[in-house]
Structure formats: C-alpha cells, structure tokens
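Read off the chains here:
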Amino acid sequence: MTAAASGDALYEIIASNDHKMVGRRFIFASLLMLVGVAVVGLLSELERASLDGFGVLGNVATYIQTFAFVRAGGVLLVAMPLFIGIALVTVPLQIGAQAVAFPRLAAASFWTWLVGSGIFIASFIADGGFGPAAGTANDATLLTITSTGMVIASLLAACVCIATTVIALRPAGMTLMRVPMFSWSMLVASSVWLLSLPVLMGNLVLIFADLQGRAPIAFGDPDTIWSQVEWAFQAPQILAFAIPVLGVAADIIPVAAKVRQGQRAVVQTLIGVFGAVSFGAWAQHAFSRGIDPAFTSGNLIYEEALYALFAIAALAVAFAAFGGILDNLRRGTMPKLSMATVGAIAGLFLLLDAAAVGFVRVMPFLDALHEDQVLLSSTGSQYKFVLAAIVASAIGAIGWWSPNIFGGYAVEGLGLLAVLAALGFGVLGGLADLITAFLGQADISIASNVDDGVEALNVISSIGMLAVAVAGLALLGSAMGAFRSTETLPDDPWDGHTLEWAAPSPPPIGNFVEPVGVIESPEPLLDQLEEVS
Amino acid sequence: MSEQLVAAEPQRNRTVVVGASLAAASMLMMFAGMVAVYVSIRQNNEHLIEKGVGGSVWFPDLTIQIAPGTMMLFTAMMSLFTMAWAVQAIRNDDRRNAYVAMGLTMLLGAAIINQVAFAIGDFGVPVDRSTPALLLYALYGAFVAALGMAIVGVLLMMLRAIAGQYDSRNSDGIQAAAIFWYAVILVYPVIWYLITITK
C-alpha cells in the first residue's frame, strides 16, 4: 500500500460518515471497553471473594468505585455501543436505505461517546465515581457525573439516528410489520432507551447542581448518589439493554434453519411488549421513599407490587419469545453450529435466565432474598446474565453479519471460543451470585465473608469475570480477522431472507447497486428464492 | 397474509421531523423525571412534617412572587403562536412573514431567559440552603438550557430559510424546530404550577 493510499485509508477510518465505518468504530471500541470493564470486574470480584483487609484493592472506597464502574461501564461503555455499532451497519441495509438518517450526527455520536468514555474512566482513576464512599474526591465525582451525561447524550444521539432510519427511510411497501426483526428490535430498544435514559440524565442534572462549589446538601451527598442512579443498571431497566438479543436470534435462526419465521407478528409483538416491560425509569427509590435517609416509611421500590408485576411479565414474555424463535429449529433443518447460530441461541438462553432471576427476586415466598434495606447479590446475578446475553448475542450478530460489517467472514474458531466464554460468564457468575444471595450476601458486599461457601462461590464468580474478558479478546480477534480478510465473498452467503443480503458484501457507499423495489413481504429474498426453485 | 397487503405509496422521507420528535420526546422525559423527583421529595417532606419526625417548610411565605413566573408563562405561550405562525407562513411560501415570526419567536425566547434571570434574583431562597431551593434552581437551569437549544434550532432553520432552503413543498426543517420549541415551552406550565402556584 502506498503512503497516499494508507493515508486515505486512515482518513476513511477516522473521518468517514459512512454508516458502516461508524458502526465498525463503535464495535471495535466497545469490544476494547468490554475487556477493560471485565478486568476491573475481575479485581472487584476477587476483592469480594475475601474482604479481610481489602488485600486486592486496598480499601472499601476503591472496592465500591470498581463495583459502580463495572455496573455502569458494562451498560454505557459496552452493551449499548456494541448493539448500536451493529445496528448502525445493518439497520440501513436491512430496510433498504442508502445510508443511516443523520450520518454526521451518527459519526459525532461515536466521537463524543469515545471522549466521554475516556473522561468517565479517567474520573474513576482520579478517585471519582458515584460514591458512596468516604474519601471520594468531590471534583472527580463531578467529572464522573458530567462524563456519564456526555456518554448518555451521545448514545441517545445514535439512537435517534437508528430509530429515525427505521421510521422514515423504509422503501415503498415495507410497513413496520415487514421490518426485519433485528431492525424492529433496535427500533423498540432505541425507543425505550430514548424514553428512559433521559430520566437518568435528570438525576444526573440534580446531582451535578448539588456538587457545584460547596459541600453537597442532598443529591450530591456521596451516600446517596449511587442510590439515585442504580435503577438504570438494575431490573427492570437492565433488561431494556438486552432487547436486541431477541431481534438477533429472530433474524438468524429462521435463515439458518431454512424456514420462514412462524407467527411472525406474534414474535414481533412479543419483542415490543418485552421493551415495554423493561422500561424502568419509574423504579427509583426517590419515587417511593425519597432520598432522605431519615425517611424510612413506605416501601422500597423492590417491595412495590408494580415491580413484581414487571418482573413476572418480563419472564412470561421472554419465555414466549424464546419458544417462538426456537420453534424454527423444530420446523426447519438443524442449522450448522457456527458462532452466529450458537451465539444467537446462547444469547436467548441467557436472557431467559436473566428474566428468571428477576422473577425469583420478587417472589415473596423466597424470604431468603428479602432482606431489609439491603440489595442481595441476586441483583448482580441478573446483571451478569444480561451482560452475558448481550455479549453472546453480539458474537452471533458479528458472526452472521460480518460480510456486511467487515467485508469478510469472522474467524469461526475464535468466535465459538468467545461464545463459550460468554456462556461461562453467565453461568458461573450469574449462578454463583444467585446462590450467594440465598446465603445472604449483599450486592455491595463490604463486610468480610465468614461463610466459606460464599467465599468459594465468589471465586467462581471471579472466574466468570475472567471468562468475559476472554470472550471480549476472542471476539476482537475474530472481528479483526474479518476486517483484514481479502477474500472475495458472495453477496448472500447464507441464503438470507432480508434486504441486507441483496447488497454486495461489503456494501459500497450507497449500499445497493440497484434500486430497492416495492417490498411485498417481510422476507423479500426468500420469496425470490422460492419463486426460482 | 403478507401477500394480501397493499404496498404503501412512495412518499417523501421526513427524517428531520421524525428525528426532532424523538429528541423532543427524550427531552420531555428528562423533565418528567426531574419533576417526579421534585414531587416525590416534596410529598415525603410533608409526610415527615405530619409524623413530627423532621421535614421543613418547603418554601417560606413571600419567597416566590407570582408575578414574574406568570409573566414568563404568558411570554412562553405567546411564543407558541409565533412559532406556529412561522410554520404556516413557510407553508404558504410567505417568506417575509416566516422570517418575522421566527425572529419574534427567538426574541420571546430571549425574553423568557431574561425573565428567568430576574426571577432567580427575586427568589428569596438561597441555592445552597435547602433541597427545595436546589430543585427549584436545577429545574429552572435545565429549562433555560433546553430553551437555549431550541433558540439555536430556530436560528439555524431561519438561516437555512434565508438561504432559500424551505418552501411550501418542503418545510420539514422549520417544522422540526417548531416541534422541539413546542416541547420545551410546554415544560414551563408544569414548572410554573409546581413552583409559582403550589410553592
């Protein structure tokens, strides 16, 4: 490659507004973040395994900071940008658009997110975070709050681009009921994120206002900051970040099993309902008890009937969607076990686990999981199942759409290793935390664990965190293999059903060589295949 | 079943209007969250007072005057009409009226910001003393920030219109600015009721 060509390529990588390049940037950056968050998570879990003397992290404040970093970072630095990256590439292709809506906004959202994420990480290194720890530096906390707002704003800007693409850039004939499942799930997810995360922004504005130039009096009190924002990283809201898991599976599995998605409208509706029951902006302590620690009457939000209702509904809907999507395997041929199919199915399975843990948490007869004023580690269990579902599903999506995203096939061996590691993370971390919850361990565990069983389970949970770091590295390697591939690909390597496979692989600027005609069914390419055969 | 559906007629993409609607909905949710926190904390404060275990007078008498807040409300409502006037004018290819209406809208927006500055000076509650005061200033501050964004949006669309971009066939940009403007302005009556009226 000449210097000029190399310079052009670099310019393309940094400055291009093409939705595929912006999506790739999001994918690679969020995978790097996944590894970073997993490493911090590993330290946090090791500390939790034995809190005598805080031998790993040195003190309780650092332990709490790493805990909050992993919870918030897993969502804002990994889960959302990973799905946004995949969606920025595939959604315009799936709906037959030449580009994403507002391409410059999409590009700006990536750079704003990247800078915001950098400041977010730096603020934690500078002893910031969300509290609640004595010794937390006020200025650094302010930086954490500001950068969190910056990250959320940038991700929401990307959501506006994706949702607008699905709503406004569909070709003639593609009604919303004919939108491919992943695009549909991203429309639902973007809508839920656009309506719920601004509420978190409102919380951040109040905290920010209280941290200005004097000792905080209410919202900025280090003892209350985390309790004001934790709703975004717990049920039901945590499930909202996994909505695209359903769409990924619903797009991949029917094609891999060579059948038309049965009961399509039902599955599409279930994805929408799952989005509705994962809307969690209402589930704040401030709404049930206020933020004043002196006010102790009234229920905690987890004790409210509505909270239990949402958890039950989420499990029912997840279970129905799980059945509706996996029914394709029964009706069709057994698909080849690839990183795409295994990742998609593993993602579904882990999401169902997450919903089941949410159900277990709210069951009144499980007294062991109801301790006054303290969240038990079943909260962490659900978080881990959700994150594992997102990672497994993203592996499936990258394996499936790698010809569109990178112009090459993802490395299968590394991809399968990544799925296995993500499953390991979910099963080891999620189950271990669920069992320790029954043994009475708090979610933020700052007391030394006297029970040997808890310590052993926390070690298992640490191994789970190590597994997700391995998953991130293996997926990075797999994606890099696709990105660097020079192999010439067929346009439609999987006999796909939807429009993204009508574009060349990799798609050029403008995506489609020929104009997309009037769409007459949800699976236009399958119709063509059936007509030919 | 899908084969029986009739394909939709091709139509012009209204991306800017859709994007602005999504942004406006997001912005409204942010205020909804802040208002909900305000109401919840105020309600809890009243419970504490009733039980005799704490709490304090939310805003002492005479700290918040009705007149400035109500004037602000009227100014905000007037801007709804001028913004609608701008949209209607551009739809009728009446560019001169559109420019005047958008200019007036921005002027009224600036007047609201000026009134907020006056009201903040007039409030008898120091920001660093109590939770109610903090909530009050955070709500007003966030409202001014959102209004500033809306003014920038109207300004950009006016400059585009002056450059000849919008007309009766395509007024999407001005409609988008109007949607965001309406959303921001509709936040104010809620703040006015919570703070100026119910105190």
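Going by the structure above, here's the rest.
All of these numbers come straight from a predicted model, not from anything done at the bench.

1. Looking at the overall build of chain A
No. 1: Assigned secondary structure in chain A consists of 17 helices and zero strands.
No. 2: Taking 2.2 N^0.38 as the reference for a compact globule, 533 residues should give roughly 24 Å; the C-alpha atoms of chain A span a radius of gyration of 23 Å, in line with that estimate.
No. 3: Projected onto its principal axes, the C-alpha coordinates of chain A cover approximately 70 × 55 × 40 Å.
No. 4: When burial is assessed residue by residue, chain A has 63% of its 533 residues classed as buried.
No. 5: As presented, chain A carries roughly 17,700 Å² of accessible surface, and 67% of it is formed by carbon and sulfur atoms.
No. 6: Computing the positive centroid from 19 side-chain charges and the negative centroid from 38, chain A places the two 9 Å apart.

2. Observations concerning the interface of chain B and chain A
No. 1: Listed as interface residues are 35 residues of chain B and, on the opposing side, 41 residues of chain A.
No. 2: Sorting the residues of chain B by area buried against chain A places B:Leu22, B:Met29 and B:Leu134 first, and these three jointly supply 18% of that buried surface.
No. 3: At the boundary of chain B and chain A, one finds zero salt bridges.
No. 4: Scanning the region where chain B abuts chain A turns up one residue pair in polar contact (both at pLDDT 80 or more).
No. 5: At the level of elements, helix 1 (15-51) and helix 4 (131-162) of chain B are the ones that each hand at least two residues to the side of chain B that touches chain A.
No. 6: Ranked by residues supplied to the side of chain B that touches chain A, first place goes to helix 1 of chain B with 19 residues.

3. Here's the deal with unusual backbone geometry
Residues and elements named next belong to chain A.
No. 1: In this chain, Ala235 is followed by Pro236 through a cis amide linkage whose omega measures -5°.
No. 2: Checked against the element boundaries, Pro236 lands in the loop between helix 7 (222-229) and helix 8 (237-240).
No. 3: Cis rather than trans, the peptide bond between Ser505 and Pro506 has omega equal to -5°.
No. 4: Of note, the phi angle at Asn511 is positive, near 70°, even though the residue is not glycine.
No. 5: Within the secondary structure layout, Asn511 lies in the loop between helix 16 (452-484) and helix 17 (524-532).

4. Some remarks on a nonpolar patch on the surface
Residues and elements named next belong to chain A.
No. 1: On the surface, Leu10, Ile13, Ile14, Trp111, Met480 and Phe483 cluster together into a nonpolar patch covering about 500 Å² of accessible area.
No. 2: Put simply, the parts of the chain that give the nonpolar patch at least two residues each are helix 1 (3-15) and helix 16.
No. 3: Broken down by element, the residue count for the nonpolar patch peaks at three residues, all from helix 1.
No. 4: Tracing the backbone through its elements, the reader meets Met480 in helix 16.

5. Quick look at the packing of aromatic side chains
The description of two aromatic rings rests on the distance between their centres and on the angle between their planes.
Residue and element names in this part refer to chain A.
No. 1: Enumeration according to the criterion identifies 26 aromatic pairs over all chains in this entry.
No. 2: Considering the side-chain rings of Trp400 and Trp501, the 6.4 Å spacing of their centres and the 90° angle between planes classify their relative orientation as edge-to-face. Linking Trp400 in helix 14 (residues 378-405) with Trp501 in the loop between helix 16 and helix 17, this pair joins segments that are 101 residues apart in sequence. Like Trp501, Trp400 is buried.
No. 3: With a centroid separation of 6.3 Å and an interplanar angle of 75°, the aromatic rings of Phe406 and Phe483 are classed as edge-to-face. Taken together, the positions of Phe406 in the loop between helix 14 and helix 15 (412-438) and Phe483 in helix 16 put the pair 77 residues apart, joining distant regions of the chain.
No. 4: For Phe483, a relative accessible area of 31% gives the class partly exposed.
No. 5: Sitting over the ring of Tyr383, Arg71 keeps its end group 5.0 Å from the ring centre.

6. Observations regarding helix 13 (residues 339-362) of chain A
No. 1: Counted at 1.5 Å a residue, the expected span for helix 13 of chain A with its 24 residues is 34 Å, and the 34 Å between its end C-alpha atoms agrees.
No. 2: Of all 24 residues in helix 13 of chain A, 18 are buried; the element is thus mostly enclosed.

7. A short note on the pattern of salt bridges
No. 1: The tally for this structure, following the rule as stated, stands at 15 salt bridges over all chains.
No. 2: Between A:Lys20 and A:Asp18 there is a salt bridge whose closest N-O contact spans 3.2 Å.
No. 3: When the shortest N-O distance is used, the salt bridge between B:Arg42 and B:Glu46 registers 3.6 Å. Pair noted here: B:Arg42 and B:Glu46 are both in helix 1, with a separation of four residues, about one helical turn.
No. 4: Residues participating in the shared-partner salt-bridge network are A:Arg260, A:Arg264, A:Glu523, A:Asp527 and A:Glu530.

8. Concerning the nonpolar core
All names here are of chain A.
No. 1: Grouped together as the largest cluster of nonpolar side chains are 243 residues, with contacts concentrated most on Phe130 and Trp193.
No. 2: Sorting elements by how many residues they give to this core places helix 3 (residues 60-94) first, with 22 residues.
No. 3: In this view, Phe130 contacts Ala68, Ala72, Phe120, Phe124, Thr144, Ile145, Thr148, Pro222, Ile225, Trp226 and Val229; residues no more than four positions away in its chain are not counted.

9. Quick notes on helix 3 of chain A
All names here are of chain A.
No. 1: For helix 3, spanning 35 residues, the distance from its first C-alpha to its last is 48 Å, which sits close to the expected 51 Å at 1.5 Å a residue.
No. 2: For helix 3, the principal kink sits at Gly73 and spans about 45°.
No. 3: Within helix 3, 33 of the 35 residues are buried, leaving the element largely enclosed by the surrounding structure.
No. 4: Looking one or two places after helix 3, you find Gly96, whose phi comes out positive at around 75°.

10. Side note on the side chain of A:Ser30
Residues and elements named next belong to chain A.
No. 1: In this structure, Ser30 sits in helix 2 (residues 19-49).
No. 2: Residue classification places Ser30 among the buried positions, given a relative accessible area of 0%.
No. 3: Those residues in contact with Ser30 that lie beyond four places of it in its chain are Leu77, Val78, Pro81, Leu82 and Trp113.

11. Structural notes on the packing of helix 2 of chain A against helix 14 of chain A
Residue and element names in this part refer to chain A.
No. 1: Across the interface, helix 2 lies against helix 14 with an axial gap of 12 Å and an inter-helix angle of 150°. It follows from the interaxial angle that helix 2 and helix 14 lie roughly antiparallel. Relative to helix 14, the crossing made by helix 2 is left-handed. Of the residues in helix 14, those touching helix 2 at Lys20, Arg24, Ile27, Leu34 and Glu45 are Lys384, Val391, Ile398, Asn404 and Ile405.
No. 2: Across the contact of helix 2 with helix 14, the residue classes tally to five nonpolar, one polar and four charged.

The rules behind the values
- Along each chain, numbering runs from 1 in the same order as the chain's sequence is written.
- Chain letters and ligand numbers both follow the written order, the letters beginning at A and the numbers at 1.
- Only residues with pLDDT of at least 70 are given local features in this predicted model, and only at 80 or more are side-chain atom pairs given and counted; all residues enter the totals for whole chains, interfaces and linings.
- As a rule here, side-chain values come from all non-hydrogen atoms in the structure, and water together with hydrogens is ignored.
- Each helix corresponds to a stretch of at least 4 residues labelled H or I by DSSP, and each strand to a stretch of at least 2 residues labelled E; elements are numbered beginning at the N terminus.
- Each radius of gyration reported is based on C-alpha atoms, and the globular scaling rule is 2.2 Å times the count of residues to the power 0.38.
- Working definition: with a 1.4 Å probe on protein chains only, accessible area under 20% of the residue-type maximum means buried, over 50% means exposed, and in between means partly exposed.
- Computed by Shrake-Rupley with a 1.4 Å probe, the accessible areas treat only the displayed protein chains as cover when residues are assessed.
- Under the counting rule used here, the positive set is Lys and Arg, the negative set is Asp and Glu, and His together with the chain ends is not counted.
- Think of each charge as sitting on NZ of Lys, CZ of Arg, CG of Asp or CD of Glu.
- Any two residues whose heavy atoms approach within 4.5 Å at even a single point are treated as in contact.
- Put simply, buried area is how much 1.4 Å-probe accessible surface two parts lose in total, over both of them, once they are put together.
- By salt bridge we mean one thing: a side-chain nitrogen of Lys or Arg within 4 Å of a carboxyl oxygen of Asp or Glu.
- Pairs of N or O atoms within 3.5 Å make up the polar contacts considered here, provided that, within protein, one atom can donate a hydrogen while the other can accept it, and that residues adjacent in sequence are counted only when both atoms are side-chain atoms.
- Surface patches are drawn from residues lacking salt bridges whose relative accessible area is over 30%; two like charges belong together within 9 Å, two nonpolar side chains (Val, Leu, Ile, Met, Phe, Trp, Tyr) within 5 Å.
- Each Phe, Tyr or Trp ring, with Trp reduced to its six-membered ring, pairs with another whose centre is within 6.5 Å; inter-plane angles below 30 degrees give stacked pairs, above 60 give edge-to-face pairs, and intermediate values give tilted ones.
- Two conditions define a charge sitting above a ring: the NZ of Lys or the CZ of Arg must be within 6 Å of the ring centre, and it must be within 35 degrees of the ring normal.
- A helix is expected to span 1.5 Å for every residue after the first.
- Among buried residues, the Ala, Val, Leu, Ile, Met, Phe, Trp, Tyr and Cys ones that are joined through side-chain atoms within 4.5 Å form a nonpolar core.
- In this scheme, the bend at a residue equals the angle between the axes fitted to the seven residues that finish there and the seven that begin there.
- To get an axis, a line is fitted to the C-alpha atoms, and for a helix only the part in contact is used. The angle between two axes follows their N-to-C directions and goes from 0 to 180 degrees.
- Any angle that is under 35 degrees is reported as roughly parallel, and any over 145 degrees as roughly antiparallel; angles of 65 to 115 degrees are reported as roughly perpendicular and all others as oblique.
- Helix crossings are classified by the rotation of the near helix relative to the far one: an anticlockwise turn of less than a right angle makes the crossing left-handed, while a clockwise turn makes it right-handed.
- Gly is put with the polar residues, along with every residue not named as nonpolar or charged; the nonpolar set is Ala, Val, Leu, Ile, Met, Phe, Trp, Tyr, Cys and Pro, and the charged set is Asp, Glu, Lys and Arg.

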